[in-house]
Amino acid sequence: MSDTSVAELTFCPLAGDAASLARLLSVEGALRQGHFRLLSGRHTDKFLAFSAIAAETAALDQIASWLRPAVEAWAPDSVLAPTTAGVGLAATLARMMSLPLQLAAAGPEGRPSVLVGTPAPLAGRVLLVNDVTTTGTALGALAGLAETSGGVVAGAAWFASRQIGGELSLPFPTAHVADVDLPSWPEQECGLCSTDPAPENARDLN
Ligand SMILES: [Zn+2]
């Protein structure tokens, strides 16, 4: 297991500036090289560990301030995030905008499926926050949970998408800081599996 170099990486800033973003992606442990199974089930040789970036409060403040103009325009009443690496970003955005934060725990399939604690009903407009997306399935699950809990999805914000220019076609407004080119592929097409039958589970890493 080793870090991969940000210099070898193609990424596209959508909010904030390229130099600051490169600094965030260069944090030790943020970009890992290996053989990973993503939550979507797809396999990849590069993993973007948001937990490494989120370990610094200043980094979270910077990312949240980049996202804030977009998400504030959606006039959210609360923030909903899965209990994974995106919690720090969700908490920072909630604090900046003085909004309540609600967390969703993952079900057996690793998707956010149940509200944590003894939550108040999710009335009003709910801002969904996550860390890194591949297919947007987790955001879809989070949106479903917001709606069945009585809320309306105001929009979704996250740190990075794992492909350049990929559209997730979600039925609400979205904002994220960067597209990062981190190719992934279906398990049955994975060349790494022939020599390593046991990829690391991304959900255990973040
Ligand atoms: Zn594989």
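Up top is the structure.
In this convention, every chain numbers its residues from 1, walking through the sequence in written order. Local features in this predicted model are restricted to residues whose pLDDT is 70 or higher, and side-chain atom pairs enter the listing and the counts only when it is 80 or higher, whereas totals over whole chains, interfaces and linings include all residues. To obtain the side-chain values, all non-hydrogen atoms of the structure were used and water was disregarded.

**A few points about the pairing of strand 7 (residues 112-115)**
Strand direction decides the pairing type here: strand 6 (residues 101-106) and strand 7, joined by three bridges, are antiparallel. Bridged to Ala105 within strand 7 is Val114. At least two bridges found by DSSP between two strands are what make those strands a pair. We count a stretch as a helix when DSSP gives it H or I for four or more residues in a row; a strand needs E for two or more, and each element gets its number in order from the N terminus. The turn joining strand 6 and strand 7, which pair antiparallel and follow one another in sequence, is formed by five residues; a positive phi near 85° is taken by Gly110.

**Examining helix 4 (residues 87-96)**
Within helix 4 the residues assigned to the buried category are Leu89, Ala90, Thr92, Leu93 and Ala94. Here, residues are in contact when the closest pair of their heavy atoms is within 4.5 Å. Buried residues in helix 4 make contact with helix 2 (50-54), helix 3 (57-72), strand 5 (78-82), strand 6, strand 8 (125-133) and strand 9 (152-161). Downstream of helix 4 by one or two residues, Ser98 has phi in the positive range, about 55°. A 1.4 Å probe rolled over the protein chains alone gives each residue an accessible area, and that area as a share of the maximum for its type sets the label: buried under 20%, exposed over 50%, partly exposed in between.

**With respect to the coordination of the zinc ion**
Looking at the zinc ion, the protein donor atoms are His35 (NE2), His43 (ND1), Cys190 (SG) and Cys193 (SG), and they sit 2.1 to 2.4 Å from it. Around the zinc ion, the four donor atoms sit at angles spanning 96 to 116°, and that spread fits a shape best called tetrahedral. Counting gaps between the donor residues of the zinc ion yields the pattern H-x7-H-x146-C-x2-C. Pair noted here: His43 is in strand 4 (residues 43-48) and Cys193 is in the loop between strand 11 (184-185) and strand 12 (200-201), with a separation of 150 residues, a long-range link. Assessed through its relative accessible area of 2%, His43 is described here as buried. Residue Cys193 is classed as partly exposed on the basis of its relative accessible area of 22%. The donor set covers N, O and S atoms within 2.8 Å of the metal, switching to 3.2 Å for Na, K and Ca, and it leaves out water, so a site may look short of donors. Geometry is assigned from donor-metal-donor angles: four donors are tetrahedral when every angle falls between 85 and 135 degrees, four are square planar and six octahedral when opposite donors sit over 155 degrees apart with all other angles between 65 and 115, and any other arrangement is irregular.

**Side note on helix 5 (residues 137-148)**
The end-to-end C-alpha distance of helix 5 is 17 Å, a good match for the 16 Å that 12 residues give at a rise of 1.5 Å each. Among the residues making up helix 5, those that are buried are Ala138, Leu139, Leu142, Ala143, Leu145 and Ala146. Buried residues along helix 5 cover an arc of 160° about the axis, so they all sit on one side. Buried residues along helix 5 sit in contact with strand 5, strand 6, strand 7, strand 8 and strand 9. How far a helix is expected to stretch is found by multiplying one less than its residue total by 1.5 Å. In this context, the arc is that of the directions from the helix axis out to the C-beta atoms.

**Looking at the packing of aromatic side chains**
Stacked, edge-to-face and tilted labels apply to pairs of Phe, Tyr and Trp rings (six-membered ring for Trp) whose centres lie within 6.5 Å, assigned for plane angles under 30 degrees, over 60, and everything in between, in that order. Within the structure shown, the criterion is met by two aromatic pairs. With a centroid separation of 5.5 Å and 40° between ring planes, the pair formed by Phe36 and Phe47 is classed as tilted. Of the two residues, Phe36 is situated in strand 3 (residues 31-37) and Phe47 in strand 4; the sequence distance between them amounts to 11 residues. Neither residue differs from the other here; Phe36 and Phe47 are each classed as buried. A ring pair is formed by Phe50 and Phe159, whose centres lie 5.1 Å apart and whose planes are at 40°; its orientation type is tilted. One end of the pair, Phe50, is in helix 2; the other, Phe159, is in strand 9, and 109 residues separate them in sequence. Here Phe50 and Phe159 have matching classes, each one buried.

**Considering unusual backbone geometry**
Despite not being glycine, Ala75 shows a phi value in the positive range, around 50°. Within the secondary structure, Ala75 sits in the loop between helix 3 and strand 5. The backbone of Ser169 shows a phi angle near 45°, a positive value even though the residue is not glycine. By relative accessible area, Ser169 is classed as exposed at 69%.

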